Amino acid sequence: QRQLVESGGGLVQPGGSLRLSCAASGFIADYYTVGWFRQAPGKEREGVSCISSSGGSTDYADSVKGRFTISRDNAKNTVYLQMNRLKPEDTGVYYCAARIPTMCSLGAYRYPYWGQGTQVTVSS
């Protein structure tokens, strides 16, 4: 079956960094798009970043642009989200999701496959 498993979340001080990983199984390695989404306490889920099947196209929410970097290693079936200069506003549960076809999108409604989420807390 198709599965996505996130890891790498935790507690970090403002200004710190974390790297999230999304391990995929059951997908054709070079024929799925991956997005990262987050949900803060009491808030709606929002798109953070996405990456095309080849890694050649990416997109970021304005709130994280310049601080977060998405990448993928298709040989390992893994997508990463490097998060730098973290702010308290970045706190939330982070989910990775996958979809076919391969175009990048920050719209959560376009993704049928989801991981379980990993908690990111940015606090002093």
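Residues numbered from 1 in each chain as written. Predicted model: local features only at pLDDT ≥ 70, side-chain atom pairs only at ≥ 80, totals over all residues. Heavy atoms only, no water.

Draft legend 1. Main features of the nonpolar core. Among the nonpolar cores identified, the biggest contains 26 residues, and Trp36, Phe68, Leu81, Met83 and Tyr94 are the most heavily contacted of them. Broken down by secondary-structure element, the contributors of at least two residues to this core are strand E3 (18-25), strand E4 (33-39), strand E5 (46-51), strand E7 (68-73), strand E8 (78-83), strand E9 (92-99) and strand E11 (118-122). Per element, the largest residue contribution to this core is four residues, and it comes from E3. (Core = buried A, V, L, I, M, F, W, Y, C linked by side-chain atoms within 4.5 Å. Buried < 20%, exposed > 50% of the residue type's maximum accessible area, 1.4 Å probe, protein only. Helix = DSSP H or I, 4+ residues; strand = E, 2+ residues; numbered from the N terminus.)

Draft legend 2. Layout of the packing of aromatic side chains. Here the structure, examined in full by the defined rule, presents five aromatic pairs. Their ring planes at 85° and their centres at 5.5 Å tell us that Phe27 and Tyr113 sit as a pair that is edge-to-face. You can see Phe27 sitting in the loop between E3 and E4 and its partner Tyr113 sitting in strand E10 (residues 113-114), a full 86 residues away along the chain. Residue classification places Phe27 among the buried positions, given a relative accessible area of 10%. Chaining the aromatic ring pairs together yields one cluster made of Phe37, Tyr95, Tyr111 and Trp114. Over the ring of Tyr95 we find Arg45; its NZ or CZ atom is 4.7 Å from the centre of that ring. (Phe/Tyr/Trp six-rings, centres within 6.5 Å; stacked < 30°, edge-to-face > 60°. Lys NZ or Arg CZ within 6 Å of the ring centre and 35° of its normal.)

Draft legend 3. Structural view of the sheet that holds E3. Pairing within the open sheet is antiparallel, and its four strands lie in the order E1-E3-E8-E7. Pairing within the sheet leaves two strands with one partner each, and these edge strands are strand E1 (3-7) and E7. Within the sheet, the average angular offset between the axes of one strand and its neighbour, ignoring direction, is 15°. (Pairing = 2+ DSSP bridges. Axes fitted to C-alpha atoms, helices over the stretch in contact; angles between N-to-C directions.)

Draft legend 4. Quick peek at the side chain of Ser21. You can see Ser21 is positioned in strand E3. For Ser21, the residues in contact, after removing those within four places along its chain, are Val5, Glu6, Ser7, Trp36, Thr78, Val79 and Tyr80. (Contact = heavy atoms within 4.5 Å.)

Draft legend 5. Representation of unusual backbone geometry in the model. Even without being a glycine, Asn77 presents a positive backbone phi close to 50°. Mapped onto the elements, Asn77 comes out in the loop between E7 and E8. On the basis of relative accessibility, which here comes to 21%, the residue Asn77 falls in the partly exposed class. For Arg85, which is not glycine, the phi dihedral falls at a positive 50°.

Purely spatial values, then, with no claim about function.
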